[in-house]
Amino acid sequence: MKMKKVTKFFMVALLAGTFSFGYAQNKADYEKAPKSNEKVIGTITRTYSYYYADVNAGHWVFPSLNELYNKLLNDARNEYNSNVDLREIKWDDYDQQYDDGMRVYNKMTATVVAKLSQKELFKTALSQAMKKAFREVPDGARLAIDRISSDNDEIDRESLKDQVTDLLLDKGYRIVAKEYFAKLYEEQQAQQSGIYNERTTVQENNFSAVGYYINVKVTETSLRVQVVNVSTGEYEGNATVNF
């Protein structure tokens, strides 16, 4: 029993050293948390075994890091899909004595991730950019979307405008449709001339009630959100997020 404990200590230390040496070279791929362009789709746990032919004679057969990683990755791709990868790999080992040697079991767990699509990346980038750009904008402020532009083939201008509007409304901001400003202006002019319907009168400060203009520009790799204070003409917020 004592020999087994000593043997296991030596074996674990050597295996851990081998694993760590290989791991360090691929730290970004295996050990770190999922990247910003990846989404977590699940986890995977597997136990693999490998055989030591003659423990007493010191005949050690260690699996390589790539063998362990590829085993787990292959199982993950069979369980999920062929495009997944692994992050935050953890492992533990334990042994069992047989008459003709020792079999060691490696329990491996990992987070399964997949790359975000261009649209998913954009949605995340938009939320991040809006959060940064709106730090100084009061909750519930009245906004108008001024300029929307997109050089990204996968994101058209109208779709971008809809997403921006939905996100702002979800956050509690009030959106004024800028395309109706001309109609409001015309009605104000009519009121001043004395030709108007009292039930549809535009009150004196309604037209200038918008506090901020929003500009959004999307390229192939980045998204920029600008917030302009209508009263001062100053940029209240400006944020660019790459995706």
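Not measured: the values here are computed from a predicted model.

A. Structural detail: the pattern of salt bridges. Summed over the entire model, instances satisfying the criterion amount to seven salt bridges. Close ionic contact of Arg157 with Glu158 constitutes a salt bridge, the shortest N to O distance being 3.1 Å. The partly exposed category is assigned to Arg157, whose relative accessible area is 41%. A single salt-bridge network, built from bridges that share partners, covers Glu38, Asp85 and Arg87.

B. Region of the structure containing the nonpolar core. The biggest cluster of nonpolar side chains holds 30 residues, and the ones touching the most others in it are Phe134, Leu143, Val164 and Val225. Secondary structure elements with two or more residues in this core: α4 (118–133), β4 (142–150), α5 (157–170), β6 (212–218), β7 (222–229) and β8 (235–242). Per-element tally for this core: the top contributor is α4, with seven residues. Those residues within four positions of Phe134 in sequence are excluded, and the remaining contacts are Leu143, Leu168, Tyr173, Ile214, Val225 and Val227. Counting 15 residues, the second-largest nonpolar core is a separate cluster that includes Tyr48, Leu65, Met108 and Ala110.

C. Structural context of the environment of Asn238. Tracing the sequence through the fold places Asn238 in strand β8. The exposure class of Asn238 is exposed, given its relative accessible area of 51%. Measuring from C-alpha to C-alpha, the distance between Asn238 and Val216 comes to 10.0 Å, with 22 residues separating the pair along the chain.

D. Structural context of the packing of aromatic side chains. Considering all chains together, one arrives at one aromatic pair under this definition. Relative to Tyr173, the ring of Phe134 has its centre 5.1 Å away and its plane inclined at 50°; by these criteria the two rings are tilted. Separated by 39 residues along the polypeptide, Phe134 in the loop between α4 and β4 and Tyr173 in the loop between α5 and β5 (174–176) bring together distant segments of the chain. Over the ring of Tyr48 we find Lys71, and its NZ or CZ is 5.5 Å from the ring centre.

E. Focus on the packing of α4 against α5. Running from N to C, α4 and α5 cross one another at 50°; their axes reach a closest spacing of 11 Å. Here α4 is positioned oblique relative to α5, judged by the angle of their axes. With respect to the hand of their crossing, α4 and α5 are arranged in right-handed fashion. On α5, the residues touching Phe122, Leu126, Ser127 and Met130 of α4 are Leu160, Gln163, Val164, Leu167 and Leu168. In the contact of α4 with α5, the residues fall into seven nonpolar, two polar and no charged.

F. Up close: the sheet that holds β4. Spatial strand order, β5-β4-β6-β7-β8: five strands in an open sheet with mixed pairing. With one partner strand each, in any of the chains shown, β5 and β8 form the two edges of the open sheet. Taking the axes of each pair of neighbouring strands and ignoring which way they run, one obtains an average angle of 25° across the sheet. As judged from the seven bridges shared by β7 and β8, these two strands associate in the antiparallel manner. Across the sheet, residue Val227 finds its bridge partner in β8, namely Gly237. In the packing of α4 onto the sheet, the strands contacted are β6, β7 and β8, and the crossing angle to β8 comes to about 150°.

G. Seen up close, a negative patch on the surface. Together, Asp151, Asp153, Glu154 and Glu220 give the surface a local cluster of negative charge. As for its position among the elements, Asp151 is in the loop between β4 and α5.

H. Layout of the environment of Lys90. By the secondary structure assignment, Lys90 is in strand β2 (residues 85–98). Under the relative-accessibility criterion, Lys90 is labelled exposed at 58%. Residues Lys90 and Lys107 lie 17 residues apart in sequence; the distance between their C-alpha atoms is 8.3 Å.

Quick notes on the rules
- Every residue gets a number counted from 1 within its own chain, in the order that chain's sequence is written.
- Where local features are concerned, this predicted model is filtered to residues with pLDDT of at least 70; where side-chain atom pairs are given and counted, the filter is 80 or more; whole-chain, interface and lining totals use all residues.
- Note that the side-chain values use all heavy atoms of the structure and ignore hydrogens as well as water.
- Definition used for salt bridges: Asp or Glu carboxyl oxygen within 4 Å of a side-chain nitrogen of Lys or Arg.
- The buried label applies to any residue whose accessible area, calculated with a 1.4 Å probe on protein chains only, is under 20% of its type's maximum; exposed applies above 50%, and partly exposed to all values in between.
- We define a nonpolar core as any set of buried Ala, Val, Leu, Ile, Met, Phe, Trp, Tyr and Cys residues linked to one another through side-chain atoms lying within 4.5 Å.
- Helix numbering and strand numbering both begin at the N terminus, where a helix is a DSSP run of H or I of at least 4 residues and a strand a DSSP run of E of at least 2.
- Note on definitions: a residue-residue contact is assigned when non-hydrogen atoms from the two residues lie within 4.5 Å.
- Two rings belonging to Phe, Tyr or Trp (six-membered ring only in the last case) form a pair when the distance between their centres is within 6.5 Å. Interplanar angles under 30 degrees mark stacking, angles over 60 mark edge-to-face geometry, and anything in between is tilted.
- Two thresholds decide whether a charge sits over a ring: the Lys NZ or Arg CZ must be within 6 Å of the ring centre and within 35 degrees of the ring normal.
- Whenever a helix is involved, its axis is fitted only over the stretch in contact; in every case the axis is a line through C-alpha atoms, and angles between N-to-C directions fall within 0 to 180 degrees.
- Oblique is the label for any angle not covered by the other classes, which are roughly parallel (under 35 degrees), roughly antiparallel (over 145) and roughly perpendicular (65 to 115).
- Put simply, a crossing is left-handed when the front helix is turned counterclockwise from the back one by less than a right angle, and right-handed when it is turned clockwise.
- Under the scheme applied, nonpolar residues are Ala, Val, Leu, Ile, Met, Phe, Trp, Tyr, Cys and Pro; charged residues are Asp, Glu, Lys and Arg; polar residues are all the others, including Gly.
- Think of it this way: DSSP has to see at least two bridges between two strands before they count as a pair.
- Residues qualify for a patch when their relative accessible area is over 30% and they have no salt bridge, like charges being joined within 9 Å and the nonpolar side chains of Val, Leu, Ile, Met, Phe, Trp and Tyr within 5 Å.
- Per-residue accessibility takes into account occlusion by the displayed protein chains alone, with areas from the Shrake-Rupley method and a 1.4 Å probe.
- Counting rule for charge: Lys and Arg are taken as positive, Asp and Glu as negative, and neither His nor the chain ends is counted.
- To locate a charge, take NZ of a lysine, CZ of an arginine, CG of an aspartate or CD of a glutamate.

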